[in-house]
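Below, each chain spelled out in residue letters.
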Amino acid sequence: MLFKRLYYRGKRQHSPILVMHSMPNRLSCNRLGITVSKKLGKAVKRNKVRRRIYEAFRLYEPVLKVGHDIVIVAKQKALLSEFGQYYNEIGGVLKRANLFK
RNA sequence: UGAGUAAGCCGGAUGGCCGCGGCGGGUGUUUUGCCCGACGAGGAAAGUCCGGGCUGCAUAGGGCAAGGGUGCCGGGUAACUCCCGGUAGAGGCGACUCUAAGGACAGUGCAACAGAAAUAGACUACUGCAUAUAUGUGCAGUACAGGUGGAAAGGUGAGGUAAAAGCUCACCGGCGGUAAGGCGACUUAUCGGCCAUGCAAACCCCACUCGCAGCAACACCGACAGGGGCGCCUGCCCGGCAUAUGCCCCGAAGGGUGGCUUGAGCAAUGCAGAAAUGCAUUGCCUAGAUAGAUGGUCAUCUGAUACAGAACCCGGCUUACAGGCUUGCUCAUACC
């Protein structure tokens, strides 16, 4: 399973509401996976968290290096956060992983 | 106006910018793309508790047994444990609500504690007789009163008696017969005798009913490896025909396609019916993803913040839910 390989071998960056795993692939595009466990709530709440992560990542995508696999895991604090916090923290972990062009 | 009761409905709206999903059209060199357009989660999509469709397996005709389910009556439905209407019982002043509501003369079993006694009886008590006599003791009769309990064996009143008792009578309740009404559950009337509890959400009996598994079902196509086999006359030999960079099978990806949405469909009108519902006509096409599409942000309105996300599809049930709306009915108060 691709997600497990990323958990063991990828680089890891933490922030208060999420964890990002990343490693290079040999493709000419970036691939994003999002993990939201059942601990965070029922389907509606999990969908909301996933959609906000997806949206924030989409806004950053034009300025990222290509050819990486990225998995973002949401923590429980993500339920209480506004979109602005998602945007700032995802920007932070992407910068620390040195994925900006 | 307040309190309540029953049925039903809504469950954020509008606009700008940036995005997502399949579909249709256009464009482009095949693909990847680009542009335009309309459409794109719920009343419960949930729990996965019932009933079906659909698919595979089994049986391929019928019966029996085991096991499961259901259980007043009639109707509705594709079907149901669902829905509608009724009967009986219980609750409420009432509108109305609730009920696993067959059978305890087929059999087995249970009824703790308390209480004298729980399917059988006499502790306190009442009455008579005998005896001694403040009053007790013994024998006999009774089951009215007391207390216990969920339940004490018909209830209330009168007669009756030494005191009593369905012992007798009237009314009520229960049981059985007959008659009338009703498709039926049952109701009403009348007659009879005077009557042995509750539990079958204990085993059980009776009646009706039921194959098993599920879309990760199932069908098809299959890359890179890898493995196996060789047609027909013919079971064998001979012989003949056909034939090989071929054909078939197994296996199988970070696979692909179908199943996948036109259906017991929705809306309006009319007819039948007390209702559930059925029939007819006209119109409409209204999500189909496959890591899983509805989001982000700004503005305005507002009291607006609930429960909650389709995953093969329908019919129900159950559970969760901020706030709001409509209609019928009941009770109380005030006014006319």
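Above this text you will find the structure in question.
Residues numbered from 1 in each chain as written. Chains lettered and ligands numbered in written order. Predicted model: local features only at pLDDT ≥ 70, side-chain atom pairs only at ≥ 80, totals over all residues. Heavy atoms only, no water.

Explain the overall build of chain A to me, and be specific about the residues and the numbers.
The helix and strand inventory of chain A stands at three helices and four strands. Secondary structure of chain A in N-to-C order comes out as α-β-β-β-α-β-α. Within chain A, the fraction of its 101 residues that count as buried is 40%. Taking as baseline every contact in chain A between residues at least 6 positions apart, the subset at least 24 positions apart corresponds to 80%. Per element, the accessible surface of chain A, about 6600 Å² overall, is 55% carbon and sulfur. (Helix = DSSP H or I, 4+ residues; strand = E, 2+ residues; numbered from the N terminus. Buried < 20%, exposed > 50% of the residue type's maximum accessible area, 1.4 Å probe, protein only. Contact = heavy atoms within 4.5 Å. Areas by Shrake-Rupley, 256 points an atom, 1.4 Å probe, with all protein chains shown as cover.)

Tell me about the environment of Asp69, and name the residues and values.
By the secondary structure assignment, Asp69 is in strand 4 (residues 68-74). Remark: the alpha-carbon pair of Asp69 and Leu32, spanning 37 residues in sequence, is separated by 6.2 Å.

Lay out the nonpolar core with the relevant residues and their values.
Grouped together as the largest cluster of nonpolar side chains are 22 residues, with contacts concentrated most on Met20, Val49, Ile53, Ala74, Ile90, Leu94 and Leu99. Taken together, the elements giving at least two residues each to this core come down to strand 2 (18-24), helix 2 (43-60), strand 4 and helix 3 (83-96). Per-element accounting of this core gives the leading share, five residues, to helix 2. Those residues in contact with Ile90, other than ones at most four positions away along the chain, are Leu18, Ile53, Ala56 and Tyr60. (Core = buried A, V, L, I, M, F, W, Y, C linked by side-chain atoms within 4.5 Å.)

Lay out the packing of helix 2 against helix 3 with the relevant residues and their values.
Where helix 2 meets helix 3, the axes come as close as 9 Å, and the angle between the chain directions of the two elements is 55°. Here helix 3 runs oblique to helix 2, going by the angle between their axes. Between helix 2 and helix 3 lies a crossing of right-handed hand. Contacts from Val49, Arg52, Ile53, Glu55, Ala56, Leu59 and Tyr60 of helix 2 reach helix 3 at Phe83, Tyr86, Tyr87, Ile90, Gly91 and Leu94. Counted by class, the contact of helix 2 with helix 3 contains 10 nonpolar, one polar and two charged residues. (Axes fitted to C-alpha atoms, helices over the stretch in contact; angles between N-to-C directions. Parallel < 35°, antiparallel > 145°, perpendicular 65-115°, else oblique. Left-handed = near helix turned anticlockwise from the far one by under 90°. Nonpolar A, V, L, I, M, F, W, Y, C, P; charged D, E, K, R; others polar.)

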